[in-house]
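Next come the chains, spelled out residue by residue.
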Protein chains: 2
Amino acid sequence: MSGTLYGIGLGPGDPELMTLKAARLIAGADVIAYPTLAGGTSFARAIAADHITAGTTEIVMDVPMTVDRAPAQAAYDTGATAIRAELDAGRDVVVLCEGDPFFYGSFMYLFARLKSDYAVEVVPGVTSVTTCAAAAGLPMAARNEVVTIIPAPQLVAQGALVPDESPTKVRQEADTLVIMKLGRHFDAVRTMISDAGLTEKAVYIERASTPDEVVLPLAEAPAKAPYFSMILIVKGADPWL
Amino acid sequence: MSGTLYGIGLGPGDPELMTLKAARLIAGADVIAYPTLAGGTSFARAIAADHITAGTTEIVMDVPMTVDRAPAQAAYDTGATAIRAELDAGRDVVVLCEGDPFFYGSFMYLFARLKSDYAVEVVPGVTSVTTCAAAAGLPMAARNEVVTIIPAPQLVAQGALVPDESPTKVRQEADTLVIMKLGRHFDAVRTMISDAGLTEKAVYIERASTPDEVVLPLAEAPAKAPYFSMILIVKGADPWL
């Protein structure tokens, strides 16, 4: 009888924003698995730390941060092999995932490799998106408003936030825009928002729910944005009344 | 010294998908407040029930479900007045919110009425969107994919899912579509999805994370969709490998 693979969302960073279910599964786990980036510490493990019990086996996947994706995929191959050995021995494996496993998460790489052969349960988690809205005090979606979530690299590849006749017209139509993964695209994204006349409605949020949280009007944001940052633009004219 | 207003997300329905922070705040609350719909029971209170302690004051806002919004707004006026009295007396008030308070939630009505006069903290929660993705086993967003969330009434008002030159072109461009609030628009939405050739990629999910959860290919979905249902269309060609 094989074990079950759990992909569990840990929430955005504050350990208290973990679900009761995630905390229970971590505490009861025989085996946990998580990625580290380029040999650094694991943010996921840090979020979960208070619930990990002595004697728990830990499978660490060291994922290189390279433009070429092959080395990262090789790391997930290696991790999947180690996880298979535990599952085949009848032990459940709990994979720790920042945020939500199926929302821009790396769990999908393990899921793709293992879903055909094992029982898999995904436990959703609080995402960085609504955490940023909470931190900014911005109701992000009301009634029939449309929300579009777009990673900055895709936005930049499309060239502009609000061109008249381009495919990115989408960005004009959404009532709320969430621009993720700013990183090295931050300058280009800021220019696009300015060109679209939306700077005054844009809020910059960094490391939401952690002790290092930053919430600023975009116009006052720092020059560099870390990976864990996003811009929220709530255009909705709805007075919420 | 006035009390603090907390808007806390309870997650999608499974009480175990509440965050540790929400559970702590509910257990310690002097006063909780929540809506009931048209005199019925409160789904929010049911999710939170195990954490509510004896002696907690409960403010119940009975919200009529009418097309005319004035009666509902009057109910929030009444609720806000009762909450003000507690806050003015120095007691914290914890408002129970299904899902996440700022993601299509009714908390925004209280927030709009009270935010200028009191300290407010919003605690994000797991949304129905990622819960449905987990239930369906569908990684909903990978790498630089674009996600669009659209309530069915808005989609129907726009007339089609994938017209060539209309404003709804947006719907074609997103890699993942989340169509919420199906209700009486379910038939029209189904037709639009079929017209767009997307039925095979569409999954119907109802009451995710509850004992009554339903997950079906859209082609096999029942004739009627309750309020707590949605359709996920994950078009992303990304092999997640």
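Residues numbered from 1 in each chain as written. Chains lettered and ligands numbered in written order. Predicted model: local features only at pLDDT ≥ 70, side-chain atom pairs only at ≥ 80, totals over all residues. Heavy atoms only, no water.

Student: I tried to follow the overall build of chain A on my own but got confused; where do I start?
Tutor: Along the backbone of chain A there are 8 helices and 10 strands. Expected size for 241 residues packed as a compact globule is a radius of gyration near 18 Å; at 20 Å, chain A falls within 12% of this value. If one aligns the C-alpha atoms of chain A with their principal axes, the spans along those axes are about 60 × 40 × 30 Å. Counting all 241 residues of chain A, 56% fall into the buried class. Expressed as a percentage of contacts within chain A between residues at least 6 apart in sequence, the contacts between residues at least 24 apart total 75%. Summed over all atoms, the accessible surface of chain A reaches about 9600 Å², with 52% contributed by carbon and sulfur. The positive charge centre, built from 18 side chains, and the negative charge centre, built from 28, are 4 Å apart in chain A. (Helix = DSSP H or I, 4+ residues; strand = E, 2+ residues; numbered from the N terminus. Rg over C-alpha atoms; globule rule 2.2 N^0.38 Å. Buried < 20%, exposed > 50% of the residue type's maximum accessible area, 1.4 Å probe, protein only. Contact = heavy atoms within 4.5 Å. Areas by Shrake-Rupley, 256 points an atom, 1.4 Å probe, with all protein chains shown as cover. Lys, Arg positive; Asp, Glu negative; His and termini not counted. Charge placed at Lys NZ, Arg CZ, Asp CG, Glu CD.)

Student: Teacher, can you tell me more about helix H1 (residues 20–27) of chain A here?
Tutor: Along an α-helix, residues three or four positions apart point the same way, because every turn accommodates 3.6 residues. Every buried residue belonging to H1 of chain A is among Lys 21, Ala 22, Ala 23, Leu 25 and Ile 26 of chain A, and all of these are buried. Next to the buried residues of H1 of chain A lie strand S1 (4–9), helix H2 (43–48), strand S4 (93–97) and strand S5 (119–123) of chain A together with helix H1 (20–27) of chain B.

Student: Explanation requested: the sheet that holds S5 of chain A in the structure shown.
Tutor: Residues and elements named next belong to chain A. Ordered in space as S3-S2-S4-S1-S5, the 5 strands form an open sheet in which the pairing is parallel. Bordering the open sheet on either side are strand S3 (57–63) and S5, each of which pairs with just one other strand. When strand polarity is set aside, the average angle formed by the axes of neighbouring strands in this sheet is 20°. With 5 bridges connecting them, S1 and S5 associate as parallel partners. Across the sheet, the residue bridging to Thr 4 is Ala 119, located in S5. The sheet strands contacting H1 are S1, S4 and S5, and the helix crosses S1 at an angle near 135°. (Pairing = 2+ DSSP bridges. Axes fitted to C-alpha atoms, helices over the stretch in contact; angles between N-to-C directions.)

Student: What's the story with the packing of aromatic side chains in this structure? I'm lost.
Tutor: Describing an aromatic ring pair means giving the distance of the ring centres and the angle of the ring planes. Throughout the structure, instances matching the rule amount to 16 aromatic pairs over all chains. Here Tyr 227 of chain B and Phe 228 of chain B contribute two aromatic rings whose centre-to-centre distance is 5.2 Å and whose plane-to-plane angle is 85°, an arrangement assigned as edge-to-face. The class for Phe 228 of chain B is partly exposed, based on a relative accessible area of 36%. The structure contains a cluster of three or more aromatic residues connected by ring pairs, namely Phe 43, Tyr 227 and Phe 228 of chain A. (Phe/Tyr/Trp six-rings, centres within 6.5 Å; stacked < 30°, edge-to-face > 60°.)

Student: Looking at this structure, how should I read the interface of chain A and chain B?
Tutor: Note: interface size is frequently given as the accessible area lost on complex formation between the parts. On the side of chain B, 58 residues touch chain A, which itself brings 58 residues to the contact. Carbon and sulfur atoms supply 61% of the area buried between chain A and chain B, which totals about 4900 Å² over both sides. By the criterion of area lost to chain B, the three top residues of chain A are Glu 16, Leu 20 and Arg 143 of chain A, representing 14% of everything that side buries. Here chain A is connected to chain B by 2 salt bridges. A salt bridge links Arg 24 of chain A to Glu 16 of chain B, with the nearest nitrogen and oxygen atoms 2.5 Å apart. Inspection of the chain A/chain B interface yields 25 residue pairs in polar contact (both at pLDDT 80 or more). (Buried area = accessible area lost by both parts, 1.4 Å probe. Salt bridge = Lys/Arg side-chain N within 4 Å of Asp/Glu carboxyl O. Polar contact = N/O pair within 3.5 Å; in protein donor to acceptor, adjacent residues only side chain to side chain.)

Student: How do you make sense of the relation of the copies chain A and chain B when you look at a structure like this?
Tutor: Two copies of a chain can be linked by a rotation about an axis combined with a shift along that same axis. When chain A is fitted to chain B, the residual RMSD is 0.0 Å, and the transformation amounts to a turn of 180° plus an axial shift of 0.0 Å. Overall, the copies show the geometry of a two-fold rotation axis. A share of 100% of interface residues in chain A that are also interface residues in chain B marks the association as one of identical surfaces. (Least-squares fit on C-alpha atoms with pLDDT ≥ 70 in both.)

Student: Can you help me understand the environment of Ala 174 of chain A in this one?
Tutor: Residues and elements named next belong to chain A. Its place among the elements puts Ala 174 in the loop between helix H7 (169–173) and strand S7 (176–180). Residue classification places Ala 174 among the buried positions, given a relative accessible area of 3%. In this structure, the C-alpha to C-alpha distance between Ala 174 and Ile 233, residues 59 residues apart in sequence, is 9.7 Å. Those residues in contact with Ala 174 that lie beyond four places of it in its chain are Val 146, Thr 148 and Lys 235.

Student: Explanation requested: the domain arrangement of chain A in the structure shown.
Tutor: Residue and element names in this part refer to chain A. If you check the domain split of chain A, you get domain 1 (4–123) and domain 2 (128–234). Here the C-alpha centre of domain 2 lies 28 Å away from the C-alpha centre of domain 1. Contacts between domain 1 and domain 2 engage 8 residues on the former and 11 residues on the latter. Taken together, the two surfaces of domain 1 and domain 2 that pack against each other cover about 710 Å², and 71% of this comes from carbon and sulfur. Linking domain 1 to domain 2 there are 0 salt bridges. Among the residues making up the side of domain 1 that touches domain 2, the classes are represented as 5 nonpolar, 1 polar and 2 charged. (Domains from an automatic or database assignment. Nonpolar A, V, L, I, M, F, W, Y, C, P; charged D, E, K, R; others polar.)

Student: What's the story with helix H8 (residues 186–195) of chain B in this structure? I'm lost.
Tutor: All names here are of chain B. Among the residues of H8, those classed as buried are Phe 186, Val 189, Arg 190, Met 192 and Ile 193. One side of H8 holds all its buried residues, which, seen down the axis, span an arc of 160°. Residues Asp 187 and Asp 195 are exposed on H8 and point more than 90 degrees away from its buried face. Against the buried residues of H8 lie helix H6 (152–158), strand S7 (176–180), strand S8 (202–206) and strand S10 (229–234). (Arc of directions from axis to C-beta.)

Student: Is there a simple way to think about the pattern of salt bridges in this case?
Tutor: All names here are of chain A. Scanning the entire structure with this criterion turns up 12 salt bridges over all chains. A salt bridge links Lys 21 to Glu 121, with the nearest nitrogen and oxygen atoms 2.7 Å apart. With a gap of 100 residues between them, Lys 21 in helix H1 and Glu 121 in strand S5 connect regions that are remote in the sequence. With a relative accessible area of 14%, Lys 21 lands in the buried category.

Student: I tried to follow the nonpolar core on my own but got confused; where do I start?
Tutor: Across soluble globular proteins, nonpolar side chains show a tendency to be buried alongside one another. Counting residues in each nonpolar core, the largest one holds 88 residues, and the members touching the most others are Ile 83 of chain A together with Ile 83 of chain B. Once residues within four sequence positions are removed from consideration, Ile 83 of chain B is found in contact with Leu 5, Ala 33, Ile 59, Val 93, Val 95, Leu 110 and Leu 114 of chain B. Counting 40 residues, the second-largest nonpolar core is a separate cluster that includes Val 189, Ala 202 and Ile 233 of chain A together with Met 192 of chain B. (Core = buried A, V, L, I, M, F, W, Y, C linked by side-chain atoms within 4.5 Å.)

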